[in-house]
Amino acid sequence: MTSRKAPILSAPLVIFDLDGTMIDTAHDLIDSLNYTIAARDLAPVTFEDLTHLVGQGARVMIRRAFALREQPIDDSEVESLLERFLGHYKEHMPGKSRAYDGLEACLDRLQAAGYAAAVCTNKMEELALPLLEKLSLTSRFSAITGGDTFAVRKPDAAHILGTIERAGALPARSIMIGDSINDIMAARNAGVPSIGVTFGYSDVPVAELKPDHVISHFDELTPELVSGLLAHRN
Ligand SMILES: O=C(O)COP(=O)(O)O
Ligand SMILES: [Mg+2]
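Cut-off values and rules
Residues numbered from 1 in each chain as written. Chains lettered and ligands numbered in written order. Predicted model: local features only at pLDDT ≥ 70, side-chain atom pairs only at ≥ 80, totals over all residues. Heavy atoms only, no water. UniProt positions renumbered as here; feature names shortened; annotations may be inferred. Core = buried A, V, L, I, M, F, W, Y, C linked by side-chain atoms within 4.5 Å. Buried < 20%, exposed > 50% of the residue type's maximum accessible area, 1.4 Å probe, protein only. Helix = DSSP H or I, 4+ residues; strand = E, 2+ residues; numbered from the N terminus. Domains from an automatic or database assignment. Phe/Tyr/Trp six-rings, centres within 6.5 Å; stacked < 30°, edge-to-face > 60°. Lys NZ or Arg CZ within 6 Å of the ring centre and 35° of its normal.

- The protein carries the name Phosphoglycolate phosphatase in an unreviewed UniProt entry, which gives Rhizobium helianthi as its organism.
- UniProt, in the comment section headed Pathway (unreviewed entry), describes the protein in these words: "Organic acid metabolism; glycolate biosynthesis; glycolate from 2-phosphoglycolate: step 1/1."

Have a look at this one:
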């Protein structure tokens, strides 16, 4: 981790979750997971299943798929199936994964208004970094952190706070945008406002997680919305 001190007038920071928030990765996650669990003859999972499985990275997703099918799995098998998952996912990347409608225009708008952007995802770095690169998004962000960047991950506050520090920003001038309970809880734990998106992979309607604001399209994510939420933070 850098020990860089944030300058007093650092840009306010909008922190994005990746899977189900910036990028629609569901099709490729399901494909690679089904390829992985087929090695143990487990029945394929659906999008509806994915909303219960995704959120804590690939290792947990594999474990949850076995729990869903009521099949035991030991630690060494998780590790070998993780390798199978990673190999398949990387080989097909970016597959059908695409930025959600309006994301790039939203990033342009925020940047023009003097906002910085960062990524805080529970996806492993070795998947998140090349995926963003293949979608030509890497240069948009002051920091990109994954589920294995720090000793803890979302919903732990330290994942968001570490991302803010790497971006050279301040918690009091940062906001988190995400699709799932991990994002909204991590923001709450870190004391930063949150925006929930309705189009992601939450297993409950995102409004039930009580983010500070809900959007259903990136057209709604404006500098005015962000500055208003930052001004009214508790
Ligand atoms: O891949 C996951 O399990 C979660 O990824 P996310 O934090 O970007 O939603
Ligand atoms: Mg997500």
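Here's the deal with the nonpolar core
Alright, step 1. In terms of nonpolar packing, the biggest core is built from 57 residues, with Phe16, Phe85 and Leu221 touching the most fellow members.
Alright, step 2. The element that contributes the greatest number of residues to this core is helix H4 (residues 75-92), accounting for 6 residues.
Alright, step 3. Viewed by domain, this core spans two of them, domain 1 (13-25 + 97-231) and domain 2 (26-92), each represented by three or more residues.
Alright, step 4. Judged by nonpolar contacts, the second largest core, of 16 residues, contains Ala116, Ala187, Ala190 and Val192.

Things to note about the packing of aromatic side chains
Alright, step 1. One pass over the structure, following the stated rule, counts 6 aromatic pairs.
Alright, step 2. Taking 6.5 Å as the distance between ring centres and 65° as the angle between the ring planes, the aromatic pair formed by Phe16 and Phe141 counts as edge-to-face. You can see Phe16 sitting in strand E1 (residues 13-16) and its partner Phe141 sitting in the loop between helix H6 (125-134) and strand E5 (143-145), a full 125 residues away along the chain.
Alright, step 3. When the centroid spacing of 6.3 Å and the interplanar angle of 50° are considered together, the rings of Phe16 and Phe218 count as tilted. Note that Phe16 is positioned in strand E1 and Phe218 in the loop between strand E8 (213-215) and helix H9 (223-231), a separation of 202 residues in sequence.
Alright, step 4. According to the relative accessible area criterion, Phe16 is buried, its value standing at 0%.
Alright, step 5. In textbook terms, an aromatic cluster arises when at least three aromatic residues are bridged by ring pairs, as seen for Phe16, Tyr100, Phe141, Phe199 and Phe218.
Alright, step 6. If you follow Arg84 out to its NZ or CZ, it ends over the ring of Tyr35, 4.0 Å from the centre.

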